[in-house]
Amino acid sequence: MIGLKSTLNCIDNSGALIVECVNILKNKVTNGWGSVGDEIVVVVQKARPVSAAAQASVNAVKVRRGDVRRAVIVRTRKLVRRPDGSYIRFDDNAAVLLNNKREMLGTRIGGIVSSDLRLKGWGKIVSLAPRVV
Amino acid sequence: MASLTRKARRREAYSMKLEIDSFSGYRIYPSKGKLFVRGDSKVFRFASSKNASLFLQRKNPRKIAWTVVYRKMHKKGITEEVAKKRSRKTVKHQRGIVGADLATIAARRNQTAAVRTQQRLAAITKAKTEKKEKEVKKAKPQRPVAASGPKVSKQQMKGGKAGR
């Protein structure tokens, strides 16, 4: 249940740590609430500090504070109903940043994600995640 | 009847994946229950909201009388199983092995010493007579070796004109 001003943890290696939701994209059905697998627009509220040495390497920080980016929700505190009728909920809200082509901005994911993502067409994220529940 | 029960068991094993409630130890049937993933990415499954609630209240299942853990701790309803385990015994069993089935083994075991010595004597005498016969046979054939066939030169064998 992600809406305007919701803060989410960013669990990829794009450099963002905490992002704030400013818009839910194309989701009129749920009255503007986003759930796992939904695309949102976020503002980066907290990012890893940019250092010159790290900038040249692969793990370069790609975003800074105040950047506006697309993201996809991967975990929610709100219960999400599975197709088989069971429910799943997590301890926090989390997202993964995307570029304009709906591809991942980072190259890695550092946390558990919901397997509902695969059903919604985010198989790439599911395959990168260290654990899927 | 036995086949029927086995079939039923197989059906259960294949078609249903039962989960275990992390608080109470109850079974969770498909399409039931809630999954809770904690911040340290530990997964907890609850069969009912009662279990979920008690877990979130940080209650200890060992202190709640109806949970499986409690009942196991206080040995509730497991008297039959214990009795069954005690009755189990190792049974010595005889069976045939390679090259000797059970019947021959049993026959050997039931032989008396006298029979065995008799057999041994018989075998010895038999071997002796055979040896004697062999010696007699050996003594007879003392023919000269290699005296058959006309002599052919090697050159011819390799092929003169006839070979072409």
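In case you missed it, the structure is sitting above this.
Keep in mind the model is a prediction, meaning the values are calculated, not measured.

Looking only at helices and strands, chain B has seven helices and four strands in total. By the burial criterion, 11% of the 164 residues in chain B qualify as buried. Pairs at least 24 residues apart make up 27% of the contacts formed inside chain B by residues separated by at least 6 positions. Accessible surface for chain B amounts to roughly 15,600 Å². Of this, 55% is attributable to carbon and sulfur atoms.

Within chain A, the secondary structure is distributed over three helices and nine strands. The N-to-C order of helical and strand elements in chain A reads β-β-β-α-β-β-β-β-β-α-α-β. A total of 133 residues make up chain A; the buried ones form 48% of that total. Across chain A, contacts joining residues at least 24 apart in sequence account for 55% of those joining residues at least 6 apart. Carbon and sulfur atoms form 51% of the exposed surface of chain A, whose accessible area is close to 7,100 Å².

One water molecule sets the probe size; rolling that probe over the atoms shows where empty space is left. Considering only enclosed or pocket space, the largest pocket measures out at about 250 Å³ in volume. Lining the largest pocket are 16 residues, and of these Asp84 and Ser86 of chain A together with Glu19, Lys32 and Arg45 of chain B sit closest to its centre. Taken together, the elements giving at least two residues each to the lining of the largest pocket come down to β3 (34-37) and β4 (43-46) of chain B. Class assignment for the residues of the lining of the largest pocket results in six nonpolar, three polar and seven charged.

With respect to the helices and strands, the residue Arg89 of chain A is situated in strand β6 (residues 87-90). Buried Arg89 of chain A, no salt bridge; nearest opposite-charge side chain is Asp91 of chain A, N-O distance 4.8 Å. Every residue in contact with Arg89 of chain A, bar those within four places of it in the chain, is listed here: Thr76, Arg77, Lys78 and Leu79 of chain A together with Leu35, Phe36, Val37 and Leu56 of chain B.

By size, the foremost hydrophobic cluster in this structure holds 22 residues, and its most contacted members are Val74, Val96, Ile109, Leu117 and Ile125 of chain A. Taken together, the elements giving at least two residues each to this core come down to β4 (68-75), β6, β7 (94-98), β8 (112-113) and α3 (123-128) of chain A together with β3 of chain B. When neighbours within four sequence positions are excluded, Ile125 of chain A is seen to be in contact with Val72, Val74, Val96, Met104, Ile109 and Leu117 of chain A. Judged by nonpolar contacts, the second largest core, of 16 residues, contains Val19, Val44, Val63 and Ile73 of chain A.

Residues and elements named next belong to chain B. For the coordinates displayed, the defined rule picks out five aromatic pairs over all chains. Relative to Phe44, the ring of Phe36 has its centre 6.4 Å away and its plane inclined at 25°; by these criteria the two rings are stacked. Relative accessible area serves as the criterion here: at 11%, Phe44 is assigned to the buried category. For the ring pair Phe44 and Phe55, a centre distance of 4.5 Å and an interplane angle of 40° mean the geometry is tilted. Of this pair, Phe44 sits in strand β4 while Phe55 is found in helix α2 (residues 49-56), placing the two residues 11 residues apart along the sequence. The pair Phe44 / Phe55 is uniform in exposure class, with both members buried.

On to the sheet that holds strand β1 (residues 7-10) of chain A. All names here are of chain A. Here five strands make up a closed barrel; going around it, the order is β1-β2-β3-β4-β7 and the pairing mixed. Mean inter-strand twist for the sheet, computed between neighbouring axes without regard to direction, equals 55°. Bridge count for β1 against β7 is two bridges, and the pairing is parallel. Looking at the pairing, Asn9 lines up with Ala94 of β7.

Let us now look at the pairing of β4 of chain A. All names here are of chain A. Bridge analysis of strand β3 (residues 39-47) against β4 gives five bridges, and the strand direction is antiparallel. Each bridged residue has a counterpart across the sheet, and for Val43 the counterpart in β4 is Val68. With five bridges joining them, β4 and β7 adopt antiparallel strand pairing. The residue of β7 that forms the bridge with Arg70 is Leu98.

Turning to the interface of chain B and chain A, a few remarks are in order. Between chain B and chain A, the contact holds 12 residues from the first and 13 residues from the second. Buried surface at the junction of chain B and chain A, summed over both partners, amounts to about 1,000 Å²; 59% is from carbon and sulfur atoms. At the junction of chain B with chain A, the criterion picks out zero salt bridges. Here the side of chain B that touches chain A gets four residues from one element, more than from any other, and that element is β3 of chain B. Class assignment of the residues belonging to the side of chain B that touches chain A gives a composition of five nonpolar, four polar and three charged. Here four bridges tie β6 of chain A to β3 of chain B, and the two strands are oriented parallel to one another. Along β3 of chain B, the bridge assignment pairs Phe90 of chain A with Val37 of chain B.

This part is about the environment of Gly106 of chain A. Looking at the element boundaries, Gly106 of chain A is found in the loop between β7 and β8. When the C-alpha atoms of Gly106 of chain A and Asn13 of chain A are compared, they prove to be 5.0 Å apart, with 93 residues separating the residues in sequence.

Definitions and cut-offs
In this numbering scheme, every chain counts its residues from 1 along its sequence in written order. Numbering of ligands from 1 and lettering of chains from A proceed in the order in which they are written. For a predicted model such as this one, the threshold for reporting local features is a pLDDT of at least 70, and the threshold for listing and counting side-chain atom pairs is 80 or more; totals across whole chains, interfaces and linings nevertheless cover every residue. Just so you know, side-chain values use all the structure's heavy atoms and leave hydrogens and water out. Note on conventions: DSSP H or I runs of at least 4 residues are helices, E runs of at least 2 residues are strands, and numbering of each starts at the N terminus. Exposure is judged per residue with a 1.4 Å probe applied to protein chains only, and the accessible area is read against the type maximum: over 50% gives exposed, under 20% gives buried, and values in between give partly exposed. Residue contacts follow a heavy-atom distance rule, with two residues in contact if any of their heavy atoms lie within 4.5 Å. The method behind every accessible area is Shrake-Rupley, applied with a 1.4 Å probe, and residues are considered shielded solely by the protein chains displayed. The rule is simple: put a 1 Å grid over the protein atoms alone, call a set of points where a 1.4 Å probe fits but cannot get out a cavity, call an open set with protein on both sides within 12 Å along at least five of seven lines a pocket, and count a residue as lining if it has an atom within 4 Å of a point. Grid points are joined across faces, edges and corners, and a volume is the space filled by probe spheres set on the points. Ten residues, namely Ala, Val, Leu, Ile, Met, Phe, Trp, Tyr, Cys and Pro, are considered nonpolar, four, namely Asp, Glu, Lys and Arg, are considered charged, and the remaining ones, Gly among them, are considered polar. Only four residue types enter the tally: Lys and Arg on the positive side, Asp and Glu on the negative side, with His and both chain ends excluded. The term salt bridge refers to a side-chain nitrogen of Lys or Arg lying within 4 Å of a carboxyl oxygen of Asp or Glu. Grouping buried Ala, Val, Leu, Ile, Met, Phe, Trp, Tyr and Cys residues that are joined through side-chain atoms within 4.5 Å yields what is termed a nonpolar core. Each Phe, Tyr or Trp ring, with Trp reduced to its six-membered ring, pairs with another whose centre is within 6.5 Å; inter-plane angles below 30 degrees give stacked pairs, above 60 give edge-to-face pairs, and intermediate values give tilted ones. Paired strands, as defined in this entry, are two strands with at least two bridges between them according to DSSP. Where helices are involved, their axes are fitted lines through C-alpha atoms of the stretch in contact, as for all axes, and angles between N-to-C directions lie from 0 to 180°. Joining two parts hides part of their accessible area as seen by a 1.4 Å probe, and the buried area is that hidden amount summed over both.

Taken by themselves, the reported measurements are silent on function.
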